[in-house]
Amino acid sequence: MSVELQSLWQDQPVVFFFLRRFGCQVCRWMAAEVSKLEADLRSSGVALVGVGPEEFGLKEFTEGGFLKGSIYVDEQKKSYKDLGFKRYTALSVVPAALGKKVRDAASKANAEGIKGNFSGDLLQSGGMLIVSKGGEKVLLHFIQDSPGDHVPLEDISKALDISSEAKAGQMPVCNDSVCTR
């Protein structure tokens, strides 16, 4: 079944979290982080939607309960292209994956017992899009520069003008056993 993203914001504002891939340890941690806002989002009438670039790893991601929202798959990666989410090259992904932001994010994931794998498309980047009800306004458009980049919870709340008591977790760190295999 095909769903157009714009149909999701017709009746409510939406936070779209675009994952690099469902097996990515850092993406799982980021999904768990943004899910800390889910109750506040829901009570404010805002939907939380995760989008992945392929079905590979979706079952494990869903069973792990990493994202407390709806999950969609964009196999053609059309929304990823339209929103400017870049693809790494085989040469650029290694330094990006070994960067401090990724190491920090992987460390936080490890601390919270979140594991990942290296199956699927390793070259896709992700980001976040927050759209107002009816789609009149893009409240936030964030494009990852590094696989460890993410939007802080307070920035999401601020973009939507909602209050939240959610506390940011410790971001995981990427090391040889996590990012280089």
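About the criteria used
Residues numbered from 1 in each chain as written. Predicted model: local features only at pLDDT ≥ 70, side-chain atom pairs only at ≥ 80, totals over all residues. Heavy atoms only, no water. Core = buried A, V, L, I, M, F, W, Y, C linked by side-chain atoms within 4.5 Å. Buried < 20%, exposed > 50% of the residue type's maximum accessible area, 1.4 Å probe, protein only. Helix = DSSP H or I, 4+ residues; strand = E, 2+ residues; numbered from the N terminus.

(A) Region of interest: the nonpolar core. Core analysis: the biggest nonpolar cluster contains 27 residues, and Val15, Phe17, Leu41, Met128, Ile156 and Leu160 have the highest contact counts within it. At the level of secondary structure, the elements contributing two or more residues to this core comprise β1 (14-18), α2 (25-35), α4 (58-64), β4 (127-131) and α8 (153-160). Ranked by residues supplied to this core, first place goes to α2 with six residues. Counting 13 residues, the second-largest nonpolar core is a separate cluster that includes Leu8, Ala47, Val51 and Tyr80.

(B) Looking closely at unusual backbone geometry. If you check the backbone angles, Lys77 has positive phi at about 60 degrees while not being a glycine. Tracing the chain through its elements places Lys77 in the loop between β3 (70-73) and α5 (78-82). Note on Lys77: relative accessible area 16%, which makes it buried. Its identity is not glycine, yet Asp161 carries a phi of approximately 55 degrees, on the positive side.

Such coordinate-based values are descriptive only and should not be taken to indicate function.
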